[in-house]
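What follows is the residue order along each chain.
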Amino acid sequence: MNPHVRKFQFIAPFYGLFFKPQVLGYSSVIGKHISALDLAGCETVLDLGSGTGAFGRCWQDLGYSVTAVDASPAMVRLCLKNGLKCLEQDFLEGLTFPDDHFDVVVGAYVAHGFPFADREKLYRESARVAKDLVLFHDFGGKSRFSVSVIEKMEGSCYREFIARAPGEMERFFRRVDVLPLSSWNCWYICRP
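A. Quick peek at unusual backbone geometry. In this structure, P166 follows A165 across a cis peptide bond, with omega equal to 5°. Mapped onto the elements, P166 comes out in the loop between α7 (158-164) and β6 (175-180). Positive phi values are uncommon outside glycine, yet D100 reaches one of about 55°. Note that D100 resides in the loop between β3 (85-88) and β4 (102-108). One non-glycine residue, Y109, lies in positive phi territory at about 50°.

B. Representation of the pattern of salt bridges in the model. Taken as a whole and assessed by the stated rule, the structure comprises 10 salt bridges. A salt bridge links E168 to R119; the shortest N-O distance between them is 2.6 Å. Residue E168 is found in the loop between α7 and β6, and its partner R119 is found in helix α5 (residues 116-129); the two are separated by 49 residues along the sequence. The class for E168 is buried, based on a relative accessible area of 6%.

C. Looking closely at the packing of aromatic side chains. In the structure shown here, the tally under the stated rule is 13 aromatic pairs. Here the aromatic rings of F55 and W59 are separated by 6.0 Å at their centres, their planes lie at 85°, and the arrangement is edge-to-face. Of this pair, F55 and W59 both sit in helix α3 (residues 54-61), 4 residues apart, which is roughly one turn of the helix. Owing to a relative accessible area of 2%, F55 belongs among the buried residues under this scheme. Using a relative accessible area of 1% as the deciding quantity, one classes W59 as buried. With 5.8 Å between their ring centres and 70° between their planes, W59 and Y64 make a pair best called edge-to-face. Accessibility classification places W59 together with Y64 in one group, the buried group. Put simply, the rings of Y26, F55, W59 and Y64 pair up and form one aromatic cluster. R164 extends its terminal NZ or CZ atom over the ring of F116, reaching a point 4.0 Å from the ring centre.

What counts, and at which threshold
- Residues numbered from 1 in each chain as written.
- Predicted model: local features only at pLDDT ≥ 70, side-chain atom pairs only at ≥ 80, totals over all residues.
- Heavy atoms only, no water.
- Helix = DSSP H or I, 4+ residues; strand = E, 2+ residues; numbered from the N terminus.
- Salt bridge = Lys/Arg side-chain N within 4 Å of Asp/Glu carboxyl O.
- Buried < 20%, exposed > 50% of the residue type's maximum accessible area, 1.4 Å probe, protein only.
- Phe/Tyr/Trp six-rings, centres within 6.5 Å; stacked < 30°, edge-to-face > 60°.
- Lys NZ or Arg CZ within 6 Å of the ring centre and 35° of its normal.

Okay, here's the thing in structure tokens:
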């Protein structure tokens, strides 16, 4: 088991405590900004690195057919418990879905957790399985001390990510737009 998966095996119960507040927060953000995505005709969503399934649940509640994937068996169990179809898959090893299988691929607070070489795999796999859109809900803008401390404890690449995104994404997507959500997070709207 790779160290990233082992870490999330350990912290899954703690993340599970925040499912309902996360759903409320994500639902609010999606409700305010979904019109910026142009999702006409889209029906299927892949929630990549789903964790507890909070982000995917919001899309499911809007009527999309959501499939979630996570590499951590503990997170997969939480996601299933929270009412989503969830599969244990690791994008670092390649997803089992064919090209253009989903209309939309989403990922909330996934990209910043990985070093650049692994983020390249995330971007490549996302672009491969998405037909219309890839949406990363993640950190951006100014760094925050509290987030820096938490992310350092988790061993993420938070500071490196916010310094390099969205430029690093542009190699994998024909267009990348950034929609600020606050001073410290945003949507990276990527067109494959």
